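Take a look at the letters that make up each chain.
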Amino acid sequence: MSAYEDPYLIISSDCHAGLPTEQYRPYLDSRFHRAFDEFLGRRDARREEATRLGIRNEAFAEKWFHDHEEGLKGGWDPAQRVKELDGDGVAAEVVFPDADAVDSQTAAPFGVGLGLSGDQDPELGMAGAQAHNRWLAEFVARNPERHCGVALLPVTAEPAKVVAEIHRAKESGLGALMIPSMWVDKAPYHDRRYDPVWAAAAETGMPVVTHSGAAPRHEYGDHLGIYVSEVTWWPARPLWFLLWSGVFERHPGLRFGVAESGCWWLPNQLWFMDRLYLGAHGGKKLSPFAELKRPPSEYLDRQVFVCATNTKRRELAQRYEIGVDNILWGSDFPHPEGTWPDTRAWLARTFHDIPVAETRRMLGLAAAEVFGFDTGKLAPIARRIGPTPAELGQSPDQASVEASWARSREVGRHWLTDNDFPVLGVSS
């Protein structure tokens, strides 16, 4: 079989799952049941208030759940989940928690899903996270070769307890760790108190990830445009806290990713950081960046990745600056802003003129390396359900460019020696 005929092994780096909230009770330590009942009561009150004020788009929510009622059960039902993955041509997935919004039916206890924040009550936060992690371990165990479960990790809690939860989550079969995007009034991530946490993550081989969702929404009021204009920066912000404080230098085995925040912001940010480190005029008055032993782009290539959900054409045009191996595609199942249930058509519209070798990296092979998927076990599944390059509208000539993705190292970081960076790739 030629490269042109060989189906893609697709891994979504950003999917979601969670029990209907009330059903988390058996997974929660009994001493927290009363607090859980109070949490449910407050949630229901918020939902009613949001509907009354028109904040919640009731018509959209009802239509979405009505039109996709069976498929949405895949958010917590393992058998339905596999059907939905197969239908989308997705061989495997990275499974984050679900949202904590007022219209979410599957929020984790105490609001520690995608809204996990550094200022949550330490006891309740850890209890809610452990309840979700226990359930998620059972969920992924039904088809372990196809799921990498992301454990919730309230990292601003007491470090010994956080490290213990890392090892417990690993032993239960989970494969990655989601930390809060915001530490609020707790120690920022450059603080050395977190070093045991980063060390444990590296030791267990569990990538650390932030995810879009949390933001200081009390500042935005009802102005959704303000929220969506800023929400990317909160999960991205820990990246430069870890990088400039030397975390990646001290813990070379640590992998760090930013999920569902796109990657459009990364080329200019990376260019700016490299120029500072390499002694650009604007950085001469600053510190010598003694915590770093190499340019920021080298740490990015070695340890950082972006779960670039619903990747845009403009972002693919910047793939040589970002690094093809650093872009991990995601479907965002089962959220309406993602590509499900029309992923195959979306892939054809988006990747039709991208070289096949590069497409294979971004759609699955890079994620397999980051999250530890066994591609041998996934290969038969991919052959059965994966779309071929022909189905995406890619030409045989594109399939023959087997080493083209290596250009990200040869020309994409043109700025290291030249003030003009190249214009490469596809149109926006």
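Just so we're clear, the structure is a prediction, and the values are computed from it rather than from any experiment.

Enquirer: Whenever I open this one, the nonpolar core confuses me. Can you help?
Expert: The tendency in soluble globular proteins is for nonpolar side chains to be buried as a group. By size, the foremost hydrophobic cluster in this structure holds 110 residues, and its most contacted members are Tyr 189, Trp 198, Phe 248, Phe 351, Phe 371 and Phe 373. Broken down by element, this core gets its largest block of residues, nine residues, from helix H5 (residues 122–141). Grouped together as the second largest cluster of nonpolar side chains are five residues, Cys 15, Trp 64, Leu 72 and Phe 333 included.

Enquirer: So what exactly am I meant to see when it comes to the pairing of strand E7 (residues 304–309) here?
Expert: Along any regular strand the residues' side chains alternate between the sheet's two faces. Among the six residues in E7, six count as buried, and that is most of the element. The alternating pattern of E7 places Val 304, Val 306 and Ala 308 and Phe 305, Cys 307 and Thr 309 on opposite faces, both of which are buried. By the bridge criterion, four bridges tie E7 to strand E8 (residues 327–330) in an arrangement that is parallel. Looking across to E8, one finds that Ala 308 is bridged to Trp 329.

Enquirer: It is not clear to me how the confidence of the model for the chain should be interpreted in this structure. Could you clarify?
Expert: When pLDDT drops low, the exact placement of atoms in the prediction is not to be read closely. The share of residues in the chain with pLDDT of 70 or more is 88%, and the mean pLDDT across the chain is 89. Per-residue pLDDT stays below 50 along residues 420–428; that stretch engages in 21 contacts with residues further than four places along the chain or on separate chains.

Enquirer: What should I look at first to understand the environment of Glu 203 in this one?
Expert: Among the secondary structure elements, Glu 203 is positioned in helix H7 (residues 195–204). It is 8.2 Å that separates the C-alpha atoms of Glu 203 and Leu 254, two residues lying 51 residues apart in sequence.

Enquirer: Help me out: how do you make sense of the packing of aromatic side chains in this one?
Expert: Each aromatic ring pair is summarised here by two numbers: the centre-to-centre distance and the angle between the ring planes. Summed over all chains, the structure comprises 20 aromatic pairs. Measuring from centroid to centroid gives 5.4 Å for Phe 305 and Phe 371, while their planes differ by 75°, and the two rings are edge-to-face. One end of the pair, Phe 305, is in strand E7; the other, Phe 371, is in helix H16 (residues 356–371), with 66 residues separating them in the sequence. Here Phe 305 falls in the buried class, since its relative accessible area comes to 1%. In this structure Phe 371 comes out as buried when scored by relative accessible area, which is 7%. Both rings, one in Trp 346 and one in Phe 351, keep their centres 6.3 Å apart while their planes meet at 65°; by these two values the pair is edge-to-face. One cation-aromatic arrangement involves Arg 217 over Tyr 227; the distance from NZ or CZ to the ring centre is 4.0 Å.

What counts and how
Residues numbered from 1 in each chain as written. Predicted model: local features only at pLDDT ≥ 70, side-chain atom pairs only at ≥ 80, totals over all residues. Heavy atoms only, no water. Core = buried A, V, L, I, M, F, W, Y, C linked by side-chain atoms within 4.5 Å. Buried < 20%, exposed > 50% of the residue type's maximum accessible area, 1.4 Å probe, protein only. Helix = DSSP H or I, 4+ residues; strand = E, 2+ residues; numbered from the N terminus. Pairing = 2+ DSSP bridges. pLDDT = per-residue confidence, 0-100. Contact = heavy atoms within 4.5 Å. Phe/Tyr/Trp six-rings, centres within 6.5 Å; stacked < 30°, edge-to-face > 60°. Lys NZ or Arg CZ within 6 Å of the ring centre and 35° of its normal.

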